Amino acid sequence: MRIRTSTMAMQDQSVSAMLAQQVRIANTQEQLATGLKVVRPSDNPAAAVRSLILDESVELKDQYQVNIGMARGRLAQEDVVLGGVVDVMQRLHELGVRALNGSLNAKDRQSMESETRELLNEISSLSNTKTSTGEYLFAGLNSKTVAFTGSPVTGGYVYGGDSGRRSTAIGEGYTINDNDPGDAVFTVAAPAVPVGFPPAAPENIMNLVFQFAEHLAANQPDSSDLANLQLSLEQVSARRTSVGARLVALDQQEELNAKLTTDEKALLSKTRDLDYTEAISRLNLETTALEAAQQAYSKVQKLSLFNYL
Amino acid sequence: MGMGVLDTAVSGLLAFQQSLATTSHNIANVNTEGYSRQRAEMATLPEMQIGQSYFVGNGVKVASIGRMYDKFLLSQLNSSTAAAAHLNVYNQMTSEVDNFIADADASLPAGMQKFFSTIHDMVNDPTSITVRQTVLTSARTLVERFNSISSRLDEIRSKTDRAMQDSIAEINVLTSNIASLNLRVVDASRAGSGAAPNDLLDQRDLAVRKLAEQLDIQVIADERGNYNVMTSSGQSLVLGEAASELLLTDARFPGGPKEVLMKASGSQATINITDQVSGGELGGYRQFIDDVLNPVQNDLGRIAIAFAHQFNEQLQAGFDLNGSAGVAMFNEPPMTVIPSTGNTGSLTAPQPVAISDYAALTGSDYRITVGAGGTVVSNLRTQQVSQFAPPGNLLFSLDGIDYDLTGAAVGDSFLLQPTRSVASSLELEMDVINDAARIAAAGGASGPAVGDNANALLLADLQLATGSLKQGSYQDAYNEVVGRVGVLTQSSSTDATAQKKLLEAVVQQRENISGVNLDEEAANLINFQQAYQASAQVIAVVRTTFDSLIAAVQ
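Just so it is clear, the structure is predicted and the values come from calculations on it, not from any experiment.

### A short note on the domain arrangement of chain A
Structurally, chain A comprises domain 1 (2-55 + 275-304) and domain 2 (78-265). Between the C-alpha centres of domain 1 of chain A and domain 2 of chain A the distance comes to 74 Å.

Shown next, in the form of structure tokens:
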């Protein structure tokens with residue numbers, strides 16, 4: 001039997017060759033239009049899933065960076081406020097030292113008293129600082145309640161907040177406190193007492209300063225005042241150091257997140273982004289192949305024995 | 001003798017006329033699907049014995065007009081057609097899911113990420129109503145993502161159902177075609193005393209191939225010339241002149257999957273042949289539904305219900321801005337239970353099932369059959385069968401689901417779709433929509449601590465919690481779906497391409513044998529024309545011979 005094929009088969013073959021080329025061109029065109037080599041999961045299932053995982057990781061880290069920014073805002077504000085309190089406490093400490101000077105008279109001490117009450121007012125207003133979100137910085141979780149109420153004239157400073165601390169996530173499984181409740185910041189655990197007195201319960205700094213002012217007013221300075229001012233200064237400074245340490249931790253984590261993000265983005269790009277040079281040269285090859293298929297079709301179509309009958 | 005030559009020449013004329021007619025028929029049918037080229041087979045006429053010494057040839061006749069075909073190739077063509085149509089449909093449908101399942105703008109991960117980002121924002125600023133509003137906005141977007149992906153899958157499902165319906169209709173037309181062609185072929189063969197009705201045979205072969213495009217079939221020719229057509233598992237579709245009718249129906253579990261029933265010709269009884277249908281477009285659609293569509297939609301629902309439940313649970317463990325106990329943010333759509341229409345027990349509603357362990361959910365559908373010896377639960381995804389013998393046959397747990405079938409009668413069956421419709425019907429609860437302050441960001445119970453974000457932080461942690469679902473986190477579970485769809489689409493595309501190549505090769509082989517080649521026909525045309533002319537020339541020669549003979553006598 002002779003080797004033969006049918007007219008329809010020849011026609012079909014050249015048409016399917018053209019169609020197949022067109023599909024290839026369409027795929028390359030889509031890649032060029034999207035800039036991706038993995039347009040659908042089926043293009044490379046493993047790469048598609050890796051992209052999703054990396055996407056999630058990158059976006060999560062972006063969120064951690066936002067969280068770090070927010071936490072830094074709060075902690076930096078706390079640092080500045082505590083810095084102010086430390087300055088005031090240092091002045092008060094100076095006054096405390098001077099108050100014990102035996103050469104001072106009642107009038108001298110009265111003028112020191114009014115400065116002390118002024119400074120107390122300053123501490124009190126610093127302790128009631130509000131954050132950018134309208135919350136009391138030192139009220140713990142009870143953040144819409146005034147942290148400390150009381151007056152430089154009558155004393156009786158009372159903490160209105162609670163002891164709660166707030167955390168935010170700054171890395172995977174890494175949370176950090178971004179506030180300190182007022183009772184922790186402004187309380188001296190074991191205040192000094194005049195000789196012969198029983199040990200005192202923990203007391204907040206403002207009441208201790210008020211006590212100092214009252215003693216000045218009465219021209220009866222006590223060495224326990226100086227000790228308490230010293231303890232207060234140490235207490236606030238210690239909190240401030242802790243805030244500083246957390247600010248450093250935020251910076252370090254931010255840097256780490258940024259570095260990880262850079263690496264992940266590079267990997268993400270490698271995983272799914274198109275190599276344009278390769279894609280364009282592929283497109284050229286494919287269009288050439290299509291042209292060849294078209295030429296072959298039109299040439300073959302012209303052939304027919306009937307043309308010679 | 002003179003008359004003999006003339007007769008011989010005339011026999012040539014007639015035979016070559018037939019040949020030319022056959023060539024013309026071939027040329028006319030060059031583009032007819034399923035046509036096999038025909039050839040007039042020539043044979044000598046019975047010769048004549050002259051005296052005792054020799055035989056003289058008496059000319060030519062057309063012994064038969066045969067079609068060029070290969071029976072083996074035809075059956076190969078049928079099976080290749082069924083396989084190619086199956087893989088092509090399966091790949092096409094799977095690609096539709098593949099096209100959008102990981103689309104960056106419409107898919108779940110982006111919505112999930114945005115939602116959890118706003119939860120983090122709430123961690124940073126728990127007292128702000130504005131921030132809480134953005135939580136609600138992103139929650140709505142996330143819910144819409146679930147809804148829209150699921151409704152996209154619903155659209156594909158109804159498209160698939162319609163296509164299956166069309167396929168069944170086509171099968172019914174083709175089987176009755178084949179049956180009536182059987183009748184005509186047998187009649188024509190009888191009338192033609194054994195001669196083959198070529199065009200009818202081609203038409204019947206074509207109808208069989210079209211049928212193979214719809215489902216996998218076996219064809220057995222009987223001694224009378226009928227084609228008896230069966231499904232690959234042996235259910236008879238065409239028997240001689242009678243065709244069975246197929247029906248696509250959800251009569252057993254209304255609203256559940258469509259099943260294929262067969263009604264034999266002249267009978268009202270139906271047989272369920274759903275599991276015996278394979279190959280062809282029908283088989284492709286069925287495989288797509290079983291292997292891709294149901295698992296994907298169920299898994300999406302599984303992620304949705306686990307997410308909604310676990311998020312709600314955490315919300316309810318916390319306190320809102322007013323210090324009240326937390327409320328749910330998402331509804332938790334119930335499982336779909338479809339009792340069989342044949343059930344006799346009293347158990348129809350309420351739900352005979354409840355989810356006890358979200359991380360153990362499988363994304364499978366189940367068929368539950370209550371029998372005298374116990375309850376049988378078939379996992380429709382893995383085909384795994386679990387048996388529960390009395391006394392534990394009515395109250396049991398399986399794959400994170402608690403069953404309470406009290407009230408079911410022996411013989412009752414139910415179709416359970418635990419998570420099929422969840423993603424479609426997920427929505428936000430009105431309590432939180434109306435009042436963003438009700439989002440429970442606070443962890444402590446003591447008084448309205450408005451700045452408390454402890455619960456919000458725990459809510460944010462749910463994003464990465466690895467115990468949420470069988471596969472890990474919500475995103476892990478979705479990634480698994482994306483990966484699976486990707487792999488299925490990729491491999492089915494490879495398989496479909498390979499099968500298409502195979503089919504093309506068989507088609508090519510068939511064309512090589514049966515297809516019309518115009519050049520060949522043109523050559524035949526010249527050949528037969530010349531032979532015809534030669535025969536005519538013989539008549540002319542006979543005439544001049546006679547003329548000279550008559551002239552000599554005159």
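### Quick look at the pairing of strand β7 (residues 236-239) of chain B
For a regular strand, side chains alternate in direction, first toward one face of the sheet and then toward the other. All names here are of chain B. Bridging between strand β6 (residues 227-231) and β7 involves two bridges; their strand directions are antiparallel. Each residue of the ladder has a partner; that of Met230, found in β7, is Ser236. Remark: four residues form the turn of the hairpin made by β6 and β7, two consecutive strands paired antiparallel; Gly234 in that turn has positive phi of roughly 100°. Connecting β7 to the antiparallel partner strand β8 (residues 242-243) that follows it, the hairpin turn spans two residues, and Gly240 within it adopts a positive phi of roughly 60°.

### Things to note about the packing of helix α1 (residues 7-34) of chain A against helix α7 (residues 276-302) of chain A
All names here are of chain A. As a packed pair, α1 and α7 sit with axes 9 Å apart at the nearest point and diverge in direction by 160°. Considering the angle they form, α1 stands roughly antiparallel to α7. Between α1 and α7 the crossing geometry is left-handed. Tallied by class, residues from the contact of α1 with α7 come to 14 nonpolar, nine polar and three charged.

### Notes on the interface of chain B and chain A
At the junction of the two partners, chain B supplies 51 residues and chain A supplies 43 residues. Where chain B abuts chain A, roughly 4,100 Å² becomes buried across the two surfaces, and 55% of that area is made up of carbon and sulfur atoms. Per-residue buried area on chain B facing chain A is highest for Gln113, Asn124 and Leu464 of chain B; these three make up 14% of the total on that side. Measuring nitrogen to oxygen at the nearest pair gives 2.7 Å for the salt bridge that ties Glu520 of chain B to Arg4 of chain A. The tally of links from chain B across to chain A stands at 24 residue pairs in polar contact (both at pLDDT 80 or more). Only α2 (71-101), α3 (108-124), α10 (474-514) and α11 (518-553) of chain B provide two or more residues apiece to the side of chain B that touches chain A. The element best represented in the side of chain B that touches chain A is α10 of chain B, accounting for 13 residues. Residues belonging to the side of chain B that touches chain A are distributed by class as follows: 21 nonpolar, 22 polar and eight charged.

About the cut-offs
- Residues numbered from 1 in each chain as written.
- Chains lettered and ligands numbered in written order.
- Predicted model: local features only at pLDDT ≥ 70, side-chain atom pairs only at ≥ 80, totals over all residues.
- Heavy atoms only, no water.
- Domains from an automatic or database assignment.
- Pairing = 2+ DSSP bridges.
- Helix = DSSP H or I, 4+ residues; strand = E, 2+ residues; numbered from the N terminus.
- Axes fitted to C-alpha atoms, helices over the stretch in contact; angles between N-to-C directions.
- Parallel < 35°, antiparallel > 145°, perpendicular 65-115°, else oblique.
- Left-handed = near helix turned anticlockwise from the far one by under 90°.
- Nonpolar A, V, L, I, M, F, W, Y, C, P; charged D, E, K, R; others polar.
- Contact = heavy atoms within 4.5 Å.
- Buried area = accessible area lost by both parts, 1.4 Å probe.
- Salt bridge = Lys/Arg side-chain N within 4 Å of Asp/Glu carboxyl O.
- Polar contact = N/O pair within 3.5 Å; in protein donor to acceptor, adjacent residues only side chain to side chain.

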